[in-house]
Amino acid sequence: MLNRRDLLKAGLFSSTAMLHLGGARFNSWALDGGKNPGNPNVIPFQASLPIPVTKTPVSPATLPGVPLFNDGIPTDYFSVNVHQALVQLLPGKQTLIWGYDGITPGPTFQARLGRRIVVRQTNNLPSNMNVHHHGGHTQSLSDGSALPALEIPPGNFRDYIYDNDDDVGGTHWYHDHTLDVTGHNVFMGLAGFYILDSATIDNLNLPGGPVDANVAGGPFDVPLVIQDRTFDANNQLVYNPFDHNGFIGNTFLINGAVQPKLRVGNRKYRFRLLNGSNARFYQISISSGRSFQIIGSDDGLLKAPFEATSFRLGPAERVEIVVDFSFYVPGPNTQVFLDNTMIQTEGRGPDGVDPTQPFHLMRFDVMDTILDNSTVPAVLETGLPVFNRAEAVRRRTFEFNRSDGAWQVNSRFFDPNRIDATVKLNTTEIWTLKNGGGGWFHPIHIHRNGFFILDRNGVRVTGHEAGLKDVFVLAGGDQVNVITKYTGAKQLGEYVFHCHNIEHEDMRMMGLFNVVA
Ligand code: C2O
Ligand code: CU
């Protein structure tokens, strides 16, 4: 396959070249003005919601050459075989994917704060790969950022060290991050959950927590990754590497199944929503119109839960919610849907919310009467970091702009050999992220640290955006100020920040920063 890097080398970036090479856009409904219609060939709610398997540790003795530690920090070892596989995404059909352990989403890592894990990733794909732990406070050489030096060639492996020395636990994920081809690789299936738990979170006794997990009829703590895809007539994934605006598909998968159903009981459930789509935004609500509680954002739980009936979920963002199904009478016909009301027909960004056109992403069948031992306490995460404006030693501004159909930061394309910012360990910085205009949306992700948003366009943010974040949505014309402190002496070296519309990222809307002691 000709990839973007080949194109960059060949200089094939004129619009004529794209016209000839790109051919017709494959998501035809976008051309005819369709409004998130779903895949016409799939009857929804046939498949049961898949729950990705939890990865089980192996003995380090089975991993020759793996790093061993004697610093007293408990360490678990894992081994992942990354390869192509035929799996069922569409009911009764076989689709070729690229998968961690040959499945998509990949297996879930259950990690704990203060407990290190080492993951050996072996590349049995036909091309290079690079694994990023999104949300992790990760050492530079294990961060899998889009640096060619960090790529794993076919037939090779790399051992990733995750210290799990973040401030708090949270719903992270991992995905491919190979320079210029991340969009394709993630689209093909290279993404999974990385859940970081902590004693603080255990003690909250949230749904599915340690006490509640023993109740039969679970799970009550359910990760949900939402991805849009497009399939050809042979049920195969079709990615257009020449669409630089952002991939928009017409088929909606939750945990790798098209519009699945989940049988639930009349009790509370914790759902960890991840937008794993390349370029699509969602507006999430529940079909009954009932409120739910929002309890978490990208990098951890909120200080306190709050009630909401809807929220926006930009690419790569995570929002944790607790839905209480005890308001419904269990029975064979009690059905509630998880809805998307965001209309989006192209990669530029969402067209807006249309509550009159809800699209059912999945269905909850409230059928069972199940005990509920869980709570949603009024105080959630007590360990969130505090970043002090007055301590900020540096302000930087990054403008995300478009140039000749490709994507830049401060009018420069990403160059893995150029450092765009040098940051000093244990200092506080305020970054201004600016949308360069044109009505384009850019969900900006910064590696290594969680941030708090100080304001968007001068206005304090609310809702899940007030939590600890690593993705910041810039709508057309937006300007967001974010603050963090670069703690963690193990985390020195190079990291990237970029647009998480992955096609924009692949077209070089990315920068490099270096953390120095
Ligand atoms: Cu989720 Cu740099 O990526
Ligand atoms: Cu962008």
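How each quantity is defined
Residues numbered from 1 in each chain as written. Chains lettered and ligands numbered in written order. Predicted model: local features only at pLDDT ≥ 70, side-chain atom pairs only at ≥ 80, totals over all residues. Heavy atoms only, no water. Phe/Tyr/Trp six-rings, centres within 6.5 Å; stacked < 30°, edge-to-face > 60°. Helix = DSSP H or I, 4+ residues; strand = E, 2+ residues; numbered from the N terminus. Lys NZ or Arg CZ within 6 Å of the ring centre and 35° of its normal. Domains from an automatic or database assignment. Contact = heavy atoms within 4.5 Å. Buried area = accessible area lost by both parts, 1.4 Å probe. Salt bridge = Lys/Arg side-chain N within 4 Å of Asp/Glu carboxyl O. Polar contact = N/O pair within 3.5 Å; in protein donor to acceptor, adjacent residues only side chain to side chain. Buried < 20%, exposed > 50% of the residue type's maximum accessible area, 1.4 Å probe, protein only. Donors = N, O, S within 2.8 Å, 3.2 Å for Na, K, Ca; no water. Pairing = 2+ DSSP bridges. Axes fitted to C-alpha atoms, helices over the stretch in contact; angles between N-to-C directions. pLDDT = per-residue confidence, 0-100. Core = buried A, V, L, I, M, F, W, Y, C linked by side-chain atoms within 4.5 Å.

Moving on: the packing of aromatic side chains. Two numbers describe a pair of aromatic rings. These are the distance of the centres and the angle of the planes. Summed over all chains, the structure comprises 32 aromatic pairs. Judged by centre distance (4.7 Å) and plane angle (75°), the rings of Trp-407 and Trp-440 are edge-to-face. Pair noted here: Trp-407 is in strand E24 (residues 406–409) and Trp-440 is in the loop between strand E26 (428–435) and strand E27 (442–446), with a separation of 33 residues, a long-range link. Both rings, one in Trp-431 and one in Phe-497, keep their centres 5.3 Å apart while their planes meet at 70°; by these two values the pair is edge-to-face. Placement of the pair is Trp-431 in strand E26 and Phe-497 in strand E31 (residues 493–499), with a sequence separation of 66 residues. Three or more aromatic residues joined by ring pairs make a cluster, and in this case those are Phe-398, Trp-431, Phe-451, Phe-472, Tyr-486, Tyr-495, Phe-497 and Phe-513. Note that Arg-120 overlies the ring of Phe-157, its terminal NZ or CZ placed 3.7 Å from the centroid. The residue whose ring lies beneath Arg-348 is Trp-440, and the NZ or CZ to ring-centre distance is 4.3 Å.

If you check the domain split of the protein, you get domain 1 (4–44 + 206–368), domain 2 (60–202) and domain 3 (389–516). Distance from the C-alpha centre of domain 2 to the C-alpha centre of domain 3: 23 Å. Listed as interface residues are 29 residues of domain 2 and, on the opposing side, 26 residues of domain 3. Interface area for domain 2 against domain 3, summed over the two sides, is near 1,900 Å², with a carbon-plus-sulfur share of 54%. For the pair domain 2 and domain 3, the interface holds two salt bridges. Residue Asp-180 is joined to Arg-508 by a salt bridge in which the shortest nitrogen-to-oxygen separation is 2.8 Å. Our enumeration of links across domain 2 and domain 3 arrives at 20 residue pairs in polar contact (both at pLDDT 80 or more).

On the secondary structure map, Met-510 appears in strand E32 (residues 510–516). Residue Met-510 is classed as buried on the basis of its relative accessible area of 2%.

We now examine the coordination of the copper ion (ligand 2). Within the first shell, the copper ion (ligand 2) binds the protein through His-442 (ND1), Cys-499 (SG) and His-504 (ND1), at distances of 2.0 to 2.1 Å. Donor residues for the copper ion (ligand 2) sit on one chain with the sequence pattern H-x56-C-x4-H. Note that His-442 is positioned in strand E27 and Cys-499 in strand E31, a separation of 57 residues in sequence. With relative accessibility at 1%, the residue His-442 sits in the buried group.

Before going further, it helps to spend a moment on the sheet that holds strand E2 (residues 95–100). Read across the open sheet, the four strands follow the order E2-E1-E4-E6; overall the sheet is mixed. At either margin of the open sheet sits one strand with a lone partner, and together these are E2 and strand E6 (157–162). Adjacent strand axes in the sheet meet at a mean angle of 20°, parallel and antiparallel pairs treated alike. Relative to E6, strand E4 (residues 116–124) is paired through six bridges, and the arrangement is antiparallel. Residue Ile-117 lies in a different strand from E6, and its bridge partner there is Tyr-162.

Now for the pairing of strand E13 (residues 268–275). Taking burial as the measure, the eight residues of E13 include eight buried ones, the bulk of the element. Here E13 shows two buried faces, one formed by Lys-268, Arg-270, Arg-272 and Leu-274 and the other by Tyr-269, Phe-271, Leu-273 and Asn-275. The pairing of strand E9 (residues 221–229) with E13 spans six bridges and is parallel. Residue pairing across strands places Pro-223 opposite Arg-272, the latter belonging to E13.

We now examine the side chain of His-464. One can find His-464 in the loop between strand E28 (452–456) and strand E29 (471–474). Of note is the side chain of His-464, whose polar atom sits 3.1 Å from the backbone oxygen of Arg-312. If we skip the residues at most four places from it in the chain, His-464 touches Ile-294, Gly-296, Ser-297, Leu-302, Phe-306, Phe-311, Arg-312, Glu-317, Val-319 and Lys-469.

So, about the environment of Ser-127. Summarising the element assignment, Ser-127 is placed in the loop between E4 and strand E5 (131–134). When the C-alpha positions of Ser-127 and Leu-301 are compared, they lie 37 Å apart, and in sequence the two are 174 residues distant. Leaving out residues up to four positions away in the same chain, Ser-127 has contacts with Trp-98 and Pro-154.

Summary statistics for the protein give a mean pLDDT of 92 and a share of 93% for residues scoring 70 or more. Across residues 7–35, confidence stays below pLDDT 50; counting only partners more than four residues off in sequence or on other chains, it has 44 contacts.

Now for the nonpolar core. Phe-271, Leu-273 and Phe-364 are the most contacted members of the largest nonpolar core, which has 35 residues in total. Element by element, the count of residues in this core is highest for strand E22 (residues 359–368), at five residues. Excluding residues that lie within four positions of it along the chain, Phe-364 makes contacts with Leu-262, Val-264, Phe-271, Ile-286, Phe-325, Thr-334, Gln-335, Val-336 and Leu-338.

Now for the sheet that holds E22. Across the sheet, which stays open at both edges, the five strands sit in the order E12-E22-E19-E14-E17 with mixed pairing between neighbours. Looking at which strands have only one partner, the edges of the open sheet turn out to be strand E12 (261–265) and strand E17 (310–313). For this sheet, the mean inter-axis angle between neighbouring strands, taken without regard to orientation, is 25°. The pairing of strand E19 (residues 335–340) with E22 spans six bridges and is classified as antiparallel. Bridge pairing links Asp-339 to His-360 in E22.

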